[in-house]
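Examination of the molecular architecture
The chain contents come next:
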Amino acid sequence: MKKFILLLNHDDISLSAYLQHCLENGEQFTKNSGNIFTFSRQKPSEEKIAAITYVNEDPDLKMKFQLEDYCALMKKRGWKILDIGKPEDIFDSKRHVFMQTDQSDAEFPLTDP
């Protein structure tokens, strides 16, 4: 199923809380394409889910490479990358990263690890 969620109206905490609510009610987030979010039905889960806004802080280094490093770090911390959103502007200076973990003590991932 697909849902429209206007990203501009949500910060990382509120978007993560919404995705967490969906997960606990049996709707697993699977993909993001702009403001369209795709979910699949499953058993309710107690795993944690997070959405973070990753901002390109080094315009000389492509976002792709920055995200590879960030995602590798998050994987080491026990987070599974579900999806990386598409560029949110023509300069590719901001993207959303969606991740999930089964570790109950996992800290909310930050964009400044």
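Given the structure is predicted, the values throughout are model-derived calculations rather than measurements. (Residues numbered from 1 in each chain as written. Predicted model: local features only at pLDDT ≥ 70, side-chain atom pairs only at ≥ 80, totals over all residues. Heavy atoms only, no water.)

Examining the overall build of the chain
When helices and strands are counted, the chain shows two helices and six strands. The secondary structure elements of the chain, listed N-terminal to C-terminal, are β-α-β-β-β-α-β-β. On C-alpha atoms alone, the chain measures out to a radius of gyration of 14 Å, which is about the 13 Å that the 2.2 N^0.38 rule sets for 113 residues. Dimensions of the chain, computed from C-alpha atoms along their principal axes, come out at roughly 45 × 30 × 20 Å. Within the span of the chain, comprising 113 residues, buried residues form 40% of the whole. Excluding contacts between residues fewer than 6 apart, the proportion of contacts in the chain whose partners are at least 24 apart in sequence is 60%. Looking at the chain as shown, the accessible area adds up to about 7,000 Å², and 52% of this sits on carbon and sulfur atoms. Of the side chains in the chain, 15 bear a positive and 19 a negative charge, and the two mean positions are spaced by 8 Å. (Helix = DSSP H or I, 4+ residues; strand = E, 2+ residues; numbered from the N terminus. Rg over C-alpha atoms; globule rule 2.2 N^0.38 Å. Buried < 20%, exposed > 50% of the residue type's maximum accessible area, 1.4 Å probe, protein only. Contact = heavy atoms within 4.5 Å. Areas by Shrake-Rupley, 256 points an atom, 1.4 Å probe, with all protein chains shown as cover. Lys, Arg positive; Asp, Glu negative; His and termini not counted. Charge placed at Lys NZ, Arg CZ, Asp CG, Glu CD.)

Details of the pattern of salt bridges
This structure, assessed with the given rule, holds two salt bridges. For E27, the salt bridge identified is with R41, shortest N-O distance 3.6 Å. Of this pair, E27 sits in strand β2 (residues 27–33) while R41 sits in strand β3 (residues 36–41), placing them 14 residues apart in sequence. (Salt bridge = Lys/Arg side-chain N within 4 Å of Asp/Glu carboxyl O.)

What about the sheet that holds strand β5 (residues 80–84)?
Where strands meet in a sheet, backbone hydrogen bonds hold them as pairs that are either parallel or antiparallel. Taken in spatial order, the three strands line up as β4-β6-β5 in an open sheet, and their pairing is antiparallel. On the outer flanks of this sheet lie β4 (48–55) and β5, each paired with one strand and no other. For this sheet the average axis-to-axis angle between neighbouring strands, irrespective of direction, equals 25°. As judged from the four bridges shared by β5 and strand β6 (residues 94–101), these two strands associate in the antiparallel manner. Following the sheet pairing, I84 is matched in β6 by V97. Strands in contact with helix α1 (residues 12–24) are β4 and β6; relative to β4, the strand with the most contacts, it is inclined by about 150°. (Pairing = 2+ DSSP bridges. Axes fitted to C-alpha atoms, helices over the stretch in contact; angles between N-to-C directions.)

Quick notes on the packing of aromatic side chains
Enumeration according to the criterion identifies five aromatic pairs in this entry. Taken together, a centroid distance of 5.8 Å and an interplanar angle of 55° make the contact between F29 and F37 tilted. This pair shows no difference in class: F29 is buried, exactly as F37 is. Taking the centre distance of 5.7 Å and the plane angle of 90° together, the rings of F37 and F98 count as edge-to-face. Of the two residues, F37 sits in strand β3 while F98 sits in strand β6, which places them 61 residues apart along the sequence. In this structure, F37 and F98 share a single accessibility class: buried. Connected via pairs of aromatic rings, a cluster forms that spans F29, F37, F39 and F98. The positively charged end of K3 is found above the aromatic ring belonging to F39, 5.0 Å away from the centroid. (Phe/Tyr/Trp six-rings, centres within 6.5 Å; stacked < 30°, edge-to-face > 60°. Lys NZ or Arg CZ within 6 Å of the ring centre and 35° of its normal.)

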